[in-house]
Amino acid sequence: MILLIQTLILGIALGGVYALMGSGLSLIFGVMRIVNLAHPSLIMIGAYVAYWPFRLSNIEPMFMLPVAAIILACIGAILYRFVFEREARSAKYSEMTVLLTFALAMVVEGMLGTAFTNTQRITSPNYATEAFFLADIFIPKGQLYASIISIIIISALALFLKYSRLGYAIRATTENREAAELLGVNVNRVGLISFAIGLALAGAAGALVSFIFSFFPSKHWEWIVILMSLVVLGGMGSILGTVIGAFLLSAVAALVGTYFGATWSTLTFFIALFVVLLVRPQGLFGEKPELA
Amino acid sequence: MAELATDEILAARERYNQSITIAINKKRSLWFPYLVLALLLVLPALQLIGNFNYVIHLTLFTACYVVMATGWNILGGFTGYISLGHNVFFAIGGYFAGMIFARLDISTIIMAPLAGLVAAIIGYCIGLVTLRVRGPSFIISSLALVMIFRIVFENWEFIGGAAGLALPVNDLPVQWAKLPYYYAFIVMAAIAVWVSYKIKHSKFGLGLRAISKDEIKAESSGINTRLYKVLAFAVSAFFVGMAGAVWGEYLTYIRPNIFLIILISVNMVLMCVLGGKGTIAGPVIGAILIIAFNELFVATLGASEINVLATGLIMMLTLIFFPLGIVGTLAKHGKLPQFLNWD
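Residues numbered from 1 in each chain as written. Chains lettered and ligands numbered in written order. Predicted model: local features only at pLDDT ≥ 70, side-chain atom pairs only at ≥ 80, totals over all residues. Heavy atoms only, no water.

Quick look at the pairing of strand S1 (residues 131-134) of chain A now. Residues and elements named next belong to chain A. Here S1 pairs with strand S2 (residues 137-140) via 4 bridges, running antiparallel. By the bridge assignment, Leu134 is partnered in S2 with Ile137. The antiparallel hairpin formed by S1 and S2 contains 2 residues in its connecting segment, where Ala135 sits at a positive phi of about 55°. (Pairing = 2+ DSSP bridges. Helix = DSSP H or I, 4+ residues; strand = E, 2+ residues; numbered from the N terminus.)

In structure tokens, the structure reads:
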């Protein structure tokens, strides 16, 4: 029983981080219909932005979170301007962008690998190895903090989308691009901004990931399938769905890890992705089959 | 009277079709692939006057990728279903033939067609499931497939797990050791290109191309799209599996991280995209160019990470500036040299 509760708590503590990693992917798909396969490799950039200051002068990784977010947002704006904007006219837009982001992921992986080699890295602030104890159950501080910060960021994003004018525009574009354009929304600018926000979320996630998972440039192939599984389960484009999908899957993966062995824990995500795509491509909360 | 008119119209149409065929045939040069094949078949004679093992290896490697890219093209180019997980069949072929070679000592070259068949059957089953979704969904599901197979292969002790299996080395003198594999790959490449030509010029190929243009319209004009797609998947898995079978013996060991790395499936996609998806010559040209690039990067720069970077960059630039690939872009502007027009 204690083992069960412990496992669930560990899974849920990771869920918040997965949710932040996935939310940018979901936002970008919602607004732009781009399946951003390069998202995890960009998260990796955020992780390196947090890693080097920590390694060289012991700067707290969480302080680097806004820096990583800003750097990634700039990268996002540049990428959108020079790569994705011109693809909007292409006939096979969605397939085209999948291939493009796939190539982009390789470019980022190659750059990071050339610059920093494929060594496993992790930042290790004090709290990363400490834990709170409640009777027999422990809650690792690092994962708990990271999850809390993730939830705060996602809530801020949700409030922004719900109440600001720009948020209205973004949601309108998500719902119906043509109609939004007819009503005077500058769809292109909204695309640029939401792409930048999406990548800023990736940067923030990267800073948090840096003290939770060990990372190396080619690890993003594993992450992409994990992230896609959460996002697809929750329904592509729905941030709330992504958060729920993240908590659900990371709890299930933790259970599988405890009862069947750690190797099979990641397999949970892969099989979940496969099954969801085939049984219910629109995800738990999607209304129409977005991806089909 | 009406009867006669119909006959005349039919005859006239026949003549017209023939004249079109002749006109198209004039723009084509089918002798060129045969010439290349003949040259490649006598290439090993170089070994008599010196050591050209490196040339042989490169040609063999290119031929291996020609088989795979041409196989991929049957699904990805004709049907438009882009699979990033075709190295799964490369691994299935490699492991099936490799295991038989290790246990029963039957050469993988003999077993290659059977290995291809196994890959095709598994591909047919996977295709029945994954081809129900379209576009990005299909691409992502193919990526998930690689990850699943990677974990399964790495943890399956019977086939060697993550450490893999060592295969016996053949006992030919060094000078001739590569030749069996060389001829196997050249013959497979020739068969693959020939089959893809035949498919493109059949009713089946026409159906596949209709699916890539507009699947719903194809379905409503009476094509059994589901069967067509799954068959295309199986045929492409067949060739990739065959290449994998011989590749395992050539390397003398099989291991998940030789077959199931993303770079292999990327290369297949990139060769087709660069050369021109859906054309016959495209994958061949793409394979030659990409292998040349790879050799250049590895030889001059050494690092495999730079290789990844360069592969990604080439893919991005091709997709942005020449989405139709070399053959497609040239053909669109009417500048395709005759010897590259194999369609």
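Moving on: helix H4 (residues 87-104) of chain B. All names here are of chain B. Given a rise of 1.5 Å per residue, 18 residues ought to cover 26 Å, and the 25 Å separating the end C-alpha atoms of H4 matches this to within 8%. Of all 18 residues making up H4, 14 are buried, and the element is well covered by its neighbours. Phi turns positive, to about 60°, at Asp105, one or two residues after H4. (Expected span 1.5 Å × (residues − 1). Buried < 20%, exposed > 50% of the residue type's maximum accessible area, 1.4 Å probe, protein only.)

For the rest of this paragraph, the subject is a nonpolar patch on the surface. A cluster of nonpolar side chains, namely Leu3, Tyr259, Phe260 and Trp264 of chain A together with Val152, Trp156 and Phe158 of chain B, defines an oily patch on the protein surface of about 740 Å² accessible area. You can see Leu3 of chain A is positioned in helix H1 (residues 2-32). (Patch = residues over 30% accessible without salt bridge, like charges linked within 9 Å, V, L, I, M, F, W, Y side chains within 5 Å. Areas by Shrake-Rupley, 256 points an atom, 1.4 Å probe, with all protein chains shown as cover. Salt bridge = Lys/Arg side-chain N within 4 Å of Asp/Glu carboxyl O.)

Counting residues in hydrophobic clusters, the biggest one holds 210 residues, and the most contacted among them are Phe102 of chain A together with Trp247 of chain B. Residues within four places of Phe102 of chain A in sequence aside, it is in contact with Leu37 and Trp221 of chain A together with Leu84, Leu143, Ile262, Val266 and Met315 of chain B. (Core = buried A, V, L, I, M, F, W, Y, C linked by side-chain atoms within 4.5 Å. Contact = heavy atoms within 4.5 Å.)

Turning next to the pattern of salt bridges. All told, the structure shown has 4 salt bridges over all chains when counted by the stated rule. We note a salt bridge from Glu85 of chain A to Arg81 of chain A, for which the minimum N-O separation is 2.2 Å. Placement of both Glu85 of chain A and Arg81 of chain A in helix H3 (residues 64-87) is noted, with a separation of 4 residues, approximately one turn of the helix. Take Arg81 of chain A: its relative accessible area is 45%, and that puts it in the partly exposed class. Note that Glu215 of chain B and Lys229 of chain B form a salt bridge whose closest N and O atoms lie 2.9 Å from each other. Separated by 14 residues along the polypeptide, Glu215 of chain B in helix H10 (residues 215-220) and Lys229 of chain B in helix H11 (residues 225-251) bring together distant segments of the chain. In terms of burial, Glu215 of chain B and Lys229 of chain B fall into one category: buried.

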